[in-house]
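Reading the structure
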Amino acid sequence: MATETLTLGKALNVGLRKALEGDPKVVIMGEDVGKLGGVFRITDGLQKDFGDQRVIDTPLAESGIIGTAVGLAIRGYRPICEIQFDGFVYPAYDQIVSQVAKMHYRSGGKLNIPMVIRIPFGGGIGAVEHHSESPEAYFAHTAGLKVVSCANPQDAYVMIQQAIASDDPIVFLEPKRRYWEKGQVDLDAPLADAYPLHAARVVRPGTAATLLAYGPMVRTCLDAATAAAEDGRDLEVIDLRTLSPLDLGVVYESVRRTGRAVVVHEAPSNVGLGAEIAARITEECFYSLESPVLRVTGFDTPYPAARVEEEYLPDLDRVLDAVDRAFGW
Amino acid sequence: MAKGDPGASTRGRRAAPRSKKATTGDPELVQLLTPAGERIDSVIGPDGTEYRVDFTAEEYRGLYRDLVLVRKLDAEATALQRQGELGLWASLLGQEAAQVGSGRALRTQDMAFPTYREHGVLYCRGIDPIMPLRLFRGVDQGGWNPDEFKFNMYTIVIGAQTLHATGYAMGVAMDGKTGTDDGEAVIAYFGDGATSQGDVNESFVWASVFNAPLVFFCQNNQYAISEPLERQTRVPLYRRAAGFGFPGIRVDGNDVLATYAVTRHALDNARHGQGPTLIEAYTYRMGAHTTSDDPTRYRIASEVEAWQAKDPIARVKTFLEREQIADASFFAEVDEQARREAVDLRERVLALPNPEPSTMFDHVYPNGSPLLDEQRAQFSRYLESFEGSAH
Ligand SMILES: Cc1ncc(C[n+]2csc(CCOP(=O)(O)OP(=O)(O)O)c2C)c(N)n1
């Protein structure tokens, strides 16, 4: 077993490399993905080794990146599109929602668009506006798309390869503030036997309440659980991993045991994923609940200026405060 | 996606200065068959290319048959819509030559990306003409196999398909399928209104910088629903190409021969690795934009009459008669075939069954989705709950 310590960003890079090696039809396209290796260096060194026909620096046109990738997919390629920052995906929104998501359906199953749309998302890096957004609900609301997010280097490495291998079009959300966090990665993990792309996972077992998170907030919830343990509260943490479709079986099982659930995400709460999750838990686990399902989220404002983002982003204290409220019911 | 060998390129000639000045109202056209049915042997286009066609009598008759059949089937679809059998229909009336000329210029290996109006191109690709009627009746969303017929699904979102065509064409080049006589080329159809869209302009940029084997085929039918050309552009559309770095040419879109010649030439350039061309087929939409609008609100009768005089089918007929390529019995036979095919189409449309409701859950994801499986199961339990009841 070749286990290495890698950052989440590097794990993605190695995963992309493996995908390029494994299938000549895999191509990477985006702004600055070539020589520069992407603004976050996730594609670092790939153009050098695979050439500019496999790792394509594109014109500065997001709709063009996604729209031409649709054509490449129809032609038999497996494009991986990098959107440079979350806030710049909107010019491509029409192509993603109206074309990528619907092509298989409209063609009665005759066309596949095996595309991965990689988006560094979320805040916490002190960036200027349009660089810290959480657009997941827009995509999760769209039938025909799958939306996933990785939270640790091992998952980053495996999930990116699974996403590329899948015939489903996948919006792959990368927690940009976690790019530099390190973890153990088993580089030989066989994809098929590894944890499936569409499965939520208990990342910390516990008995008192269930914390639900994905992407950047998994780390925050794990930290909150550690802090709560010091106060004698044993919290369970679930990494949802796939946001559409949600894998809620694990969640229901957990909430039935703990009786309390808190959903944590950076995106605004209004019509966000937390609302969907809370509604479903309420439908399925009503008689097991000791308190309403609570949400800890970003506010219903545009992402604020960097100097106040620590206030905007759910942090350990806000998570623990919600847990307290769940117990005070 | 290597650039074509500059030595072998025709680009130098294409960039030659133009003598005549063109405006949107004064089209500078490549034409091989005048509205009066007079044959022009060959034309040197403003790009310096000589355009000509060399058809056998049989082929001329074939083109005429295509034009008549396509018009008749379209008329039948319009009638079916008026009788409530189709939710909507986007008629191609007046644009038959642009579609048949470009459609017949395609080789088997070439791929087309249409809008929602390319019934004539669809016909040329050998697809059953009932297919678009299924879409507009609401039986499915476009049931032909794009791979099999090399004709992608109709696209309703204006301009979106030009990017798909560009990406597909990039794939053709990456597959090494250009640079030879039997190379592949791609054609993207769109309207004059579409030229205002970001996607179309992005596709111009992409196709140009990647030297994609692509022909942009704009049917300038003078209107985007009610908005005239002047609301989309202040320069003749074909001239836009120059700013993106590839040739643009305007052809008489009501002239099936010129449309064929110009499209064939552009496709051959593309398949030989010489990159994209923008063709502006200058034509006119004789009917409504779709069956849901009223063109008398935005255009005047004299304009329609002026274009009537340029009818794409009448001029071919005059030519065939004058050159004695076809006689009255041929024309009668074509009319009879068109009538029969229209009747057949009508009968088949009326017999189309509605899809099973549960099929709406099919083909959302190639790999399925547990969420959807759950909803499908719930829905079928709900339907079953009616069984045996009075409903
Ligand atoms: C993005 C988008 N905006 C608006 C519409 C509604 N719409 C349908 S057809 C049309 C006009 C298109 O005109 P043009 O591109 O000239 O094509 P034509 O139908 O005349 O061939 C409009 C506005 C649409 N389908 N897509």
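Residues numbered from 1 in each chain as written. Chains lettered and ligands numbered in written order. Predicted model: local features only at pLDDT ≥ 70, side-chain atom pairs only at ≥ 80, totals over all residues. Heavy atoms only, no water.

**Things to note about the packing of aromatic side chains**
In total, this model carries 37 aromatic pairs over all chains according to the counting rule given. Look at Phe204 of chain B and Phe246 of chain B: their rings are 5.7 Å apart centre to centre, the planes differ by 80 degrees, and that puts the pair in the edge-to-face class. Here Phe246 of chain B lies in the loop between α9 (240-244) and β8 (248-252) and Phe204 of chain B lies in helix α8 (residues 198-209), a separation of 42 residues in the sequence. Through pairs of rings, three or more aromatic residues link up here, namely Phe40, Phe85, Phe88, Tyr179 and Trp180 of chain A. (Phe/Tyr/Trp six-rings, centres within 6.5 Å; stacked < 30°, edge-to-face > 60°. Helix = DSSP H or I, 4+ residues; strand = E, 2+ residues; numbered from the N terminus.)

**Examining the sheet that holds strand β4 (residues 186-191) of chain B**
Strand-to-strand pairing in sheets goes through backbone hydrogen bonds, with the strands running parallel or antiparallel. All names here are of chain B. Taken in spatial order, the 5 strands of this open sheet run β3-β4-β5-β9-β8, and their pairing is parallel. The two strands at the open ends of the sheet, each matched to only one other strand, are β3 (111-113) and β8. Taken over all neighbouring pairs, the strand axes of this sheet differ in orientation by 20 degrees on average, direction set aside. The sheet contact formed by strand β5 (residues 214-220) and strand β9 (residues 277-282) spans 6 bridges and is parallel. Its bridge partner being in β9, Phe216 is matched across the sheet by Leu278. Of the strands in this sheet, β4, β5 and β9 are in contact with helix α3 (residues 96-105), which crosses β5 at around 165 degrees. (Pairing = 2+ DSSP bridges. Axes fitted to C-alpha atoms, helices over the stretch in contact; angles between N-to-C directions. Contact = heavy atoms within 4.5 Å.)

**Brief notes about unusual backbone geometry**
Backbone torsion omega between Ser244 of chain A and Pro245 of chain A reads -5 degrees, so that peptide bond is classified as cis. Here Pro245 of chain A is to be found in the loop between β12 (242-244) and α9 (249-258). In this model, Asn211 of chain B sits at a positive phi of 50 degrees, which is unusual for a non-glycine residue. You can see Asn211 of chain B is positioned in the loop between α8 and β5. Residue class for Asn211 of chain B comes out buried when judged on its relative accessible area of 8%. (Buried < 20%, exposed > 50% of the residue type's maximum accessible area, 1.4 Å probe, protein only.)

**Focus on the packing of helix α3 (residues 62-74) of chain A against helix α7 (residues 160-174) of chain B**
At their nearest, the axes of α3 of chain A and α7 of chain B sit 6 Å apart, and the two run at 55 degrees to each other. By the angle between their axes, α3 of chain A is oblique relative to α7 of chain B. Remark: the crossing between α3 of chain A and α7 of chain B carries right-handed chirality. The residues of α7 of chain B that touch α3 of chain A, namely those facing Ser63, Gly64, Gly67, Thr68, Val70, Gly71, Leu72 and Ile74 of chain A, are Leu163, His164, Thr166, Gly167, Tyr168, Met170, Gly171 and Met174 of chain B. Of the residues in the contact of α3 of chain A with α7 of chain B, the class split is 7 nonpolar, 9 polar and no charged. (Parallel < 35°, antiparallel > 145°, perpendicular 65-115°, else oblique. Left-handed = near helix turned anticlockwise from the far one by under 90°. Nonpolar A, V, L, I, M, F, W, Y, C, P; charged D, E, K, R; others polar.)

**Describing the interface of chain A and chain B**
It is common to give the size of an interface as the accessible area lost on bringing the parts into contact. Facing the 46 residues of chain A at the interface are 46 residues of chain B. Across the interface of chain A and chain B, roughly 3700 Å² is buried in total on both sides, 58% from carbon and sulfur atoms. Counting the surface chain A buries against chain B, the share from its top three residues, Arg75, Tyr105 and Arg106 of chain A, is 20%. Applying the counting criterion to the chain A and chain B interface returns 4 salt bridges. Among the ionic pairs, Asp175 of chain B bridges to Lys25 of chain A, the shortest N-O distance being 3.3 Å. Where chain A meets chain B, there are 20 residue pairs in polar contact (both at pLDDT 80 or more). Secondary structure elements with two or more residues in the side of chain A that touches chain B: β2 (26-30), β3 (55-57), α3, α4 (93-100) and α5 (103-106) of chain A. In terms of residue count, α3 of chain A provides more of the side of chain A that touches chain B than any other element does, 10 residues in total. Counted by class, the side of chain A that touches chain B contains 16 nonpolar, 19 polar and 11 charged residues. (Buried area = accessible area lost by both parts, 1.4 Å probe. Salt bridge = Lys/Arg side-chain N within 4 Å of Asp/Glu carboxyl O. Polar contact = N/O pair within 3.5 Å; in protein donor to acceptor, adjacent residues only side chain to side chain.)

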